[in-house]
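As a plain string of letters, each chain reads:
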Amino acid sequence: MGDDWRKRKRSKMSAIQLNHLKFHYTQGPLVLDIPELKIEQSEKVFIHGPSGTGKSTFLNLVSGILSPSQGDLLVLNQNLANLSAGARDQFRGKNIGYIFQSFNLIPYLTIKDNILLGQHFRKSDFNIEHRADQLAKDLNISAHYNKKATQLSLGQQQRVACARALIQKPQLVIADEPTSSLDDKNTIEFMNLLIKEWEELKFTLVFVSHDLTLARYFDRTIALEEINKVVSI
Ligand SMILES: Nc1ncnc2c1ncn2[C@@H]1O[C@H](COP(=O)(O)OP(=O)(O)O)[C@@H](O)[C@H]1O
Ligand SMILES: [Mg+2]
């Protein structure tokens, strides 16, 4: 793992690089017009902005769920627009961990099965069950490992979603307002645990929120309206 990171650092490729990126939904107005943005590997970046200004849209572009209308977007040196839909899904599964605002846990599955969801057929160079155990310990949810998702508090559920996003040791972690349904105590616990995982894996972290008090956990803070030329009404 440490070696991987050193190799990545040496290679000097950016985690995310975009040039003249424009995006609009089908028939909709322009949502994003970002002339330039570069995010380096292992950087922890906080992006904030009011609701409706395109934060989730930006993250969906970075993860290849949406494709740019114009311009270039390189993620881990890969132009996602050049990949087939299947190859894009594969790229995302291997390299990107996504933590959503709503946790998207399967209610009738246990915590363990939620963390391992979709991993059984994926190749890893480590023992995936062991990794899930370790993450559950790190994220303070191992006491609930065999409970159903619905038996957990919101704070605990969000930590399960975090474990699921980190299980493949992704190079890039994307978080879309992951603390917005948590109270202050759970927000602080979540942030501390996420940063602790970062200390170990040194993934690139792109974290979006409208809550500016979270900026202190990050290396760089970007206001979306500073980089986006589309003026929202
Ligand atoms: N699937 C969609 N189809 C059409 N318009 C959308 C869709 N998703 C979001 N939008 C519009 O794009 C703009 C940006 O939305 P979004 O990226 O969700 O903002 P934020 O995450 O900052 O709240 C809004 O005007 C929203 O209504
Ligand atoms: Mg959003």
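See the structure shown above.
One structure accompanies this document, and this report is about it. On a predicted model such as this, the values are computed, not experimentally measured, just so you know.

### Structural notes on unusual backbone geometry
The phi dihedral of Ser42 falls on the positive side, at around 75°, and the residue is not glycine. Unlike most non-glycine residues, Asn104 shows phi in positive territory, near 55°. Looking at where Asn104 falls in the secondary structure, it is placed in the loop between β6 (96-99) and α4 (111-116).

### Focus on the sheet that holds strand β9 (residues 220-223)
In a beta sheet, neighbouring strands are held together by backbone hydrogen bonds and run either parallel or antiparallel to one another. One open sheet holds the 5 strands; their spatial order is β6-β7-β8-β3-β9, and the pairing between them is parallel. Each end of this open sheet is capped by a strand with a single partner; those strands are β6 and β9. Ignoring which end each strand starts from, the neighbouring axes of this sheet average 15° apart. Relative to strand β8 (residues 204-209), strand β3 (residues 44-48) runs parallel, the two sharing 5 bridges. Bridging from a neighbouring strand, Val45 pairs with Val206 of β8.

### Observations regarding the packing of helix α5 (residues 128-138) against helix α7 (residues 184-201)
The geometry of α5 relative to α7 is characterised by a closest axis approach of 10 Å and an angle of 135° between their N-to-C directions. The angle between α5 and α7 places the two elements in the oblique class. Packed against α5, whose contacting residues are Arg131, Leu135 and Asp138, the element α7 presents Leu193, Lys196, Glu197, Glu200 and Leu201 at the interface. By residue class, the composition of the contact of α5 with α7 is 3 nonpolar, no polar and 5 charged.

### Here we look at the packing of aromatic side chains
By the definition in use, this model includes 5 aromatic pairs. Here the aromatic rings of Phe23 and Tyr25 are separated by 4.8 Å at their centres, their planes lie at 90°, and the arrangement is edge-to-face. Plain terms: the ring middles of Tyr98 and Phe100 are 4.4 Å apart, the flat faces sit at 5° to each other, and that makes the pair stacked. The exposure class assigned to Tyr98 is buried, which follows from its relative accessible area of 12%. Three or more aromatic residues link up through ring pairs in this structure, and these residues are Phe46, Phe207 and Phe218. Here the basic side chain of Lys169 rests over the ring of Phe126, its NZ or CZ set 4.3 Å away from the ring centre. Residue placement shows Lys202 over the ring face of Trp198; its charged tip is 4.9 Å from the ring centre.

### Here's the deal with the pairing of strand β7 (residues 172-176)
Counting buried residues along β7, 5 of its 5 residues qualify, which places the element largely inside the surrounding structure. Side chains Leu172, Ile174 and Asp176 of β7 all project onto a buried face; the interleaved residues Val173 and Ala175 project onto the opposite face, where all are buried too. Bridge count for β7 against β8 is 5 bridges, and the pairing is parallel. Among the inter-strand pairings, Val173 is bridged to a residue of β8, identified as Leu205.

The rules behind these values
- Position numbers for residues start from 1 in each chain and track the written sequence from start to end.
- Chain labels run from A onward and ligand labels from 1 onward, assigned in the order the entries are written.
- Only residues with pLDDT of at least 70 get local features here, since the model is predicted, and only at 80 or more are side-chain atom pairs given and counted; chain-wide, interface and lining totals rely on the full set of residues.
- Side-chain numbers come from the whole structure's heavy atoms, not from hydrogens or water.
- Numbered from the N terminus, helices here are DSSP runs of H or I no shorter than four residues, and strands are runs of E no shorter than two.
- Any two strands with at least two DSSP bridges between them are considered paired.
- Only the stretch in contact is used when fitting a helix axis, every axis being a line fitted to C-alpha atoms; angles between N-to-C directions are given from 0 to 180 degrees.
- Roughly parallel means an angle under 35 degrees; roughly antiparallel means over 145; roughly perpendicular covers 65 to 115; every other angle is labelled oblique.
- When checking whether two residues touch, look at their non-hydrogen atoms; a contact exists if any pair is within 4.5 Å.
- Under the scheme applied, nonpolar residues are Ala, Val, Leu, Ile, Met, Phe, Trp, Tyr, Cys and Pro; charged residues are Asp, Glu, Lys and Arg; polar residues are all the others, including Gly.
- Ring pairs are drawn from Phe, Tyr and Trp, using the six-membered ring of Trp, whenever the two centres fall within 6.5 Å, and their geometry is named by plane angle: stacked under 30 degrees, edge-to-face over 60, tilted for the rest.
- The cut-offs for exposure are 20% and 50% of the maximum accessible area for each residue type, with area from a 1.4 Å probe on protein chains only; residues under the lower value are buried, those over the upper are exposed, and the others partly exposed.
- Placement of a charge over a ring requires the Lys NZ or Arg CZ to be within 6 Å of the ring centre, with the centre-to-atom vector within 35 degrees of the ring normal.

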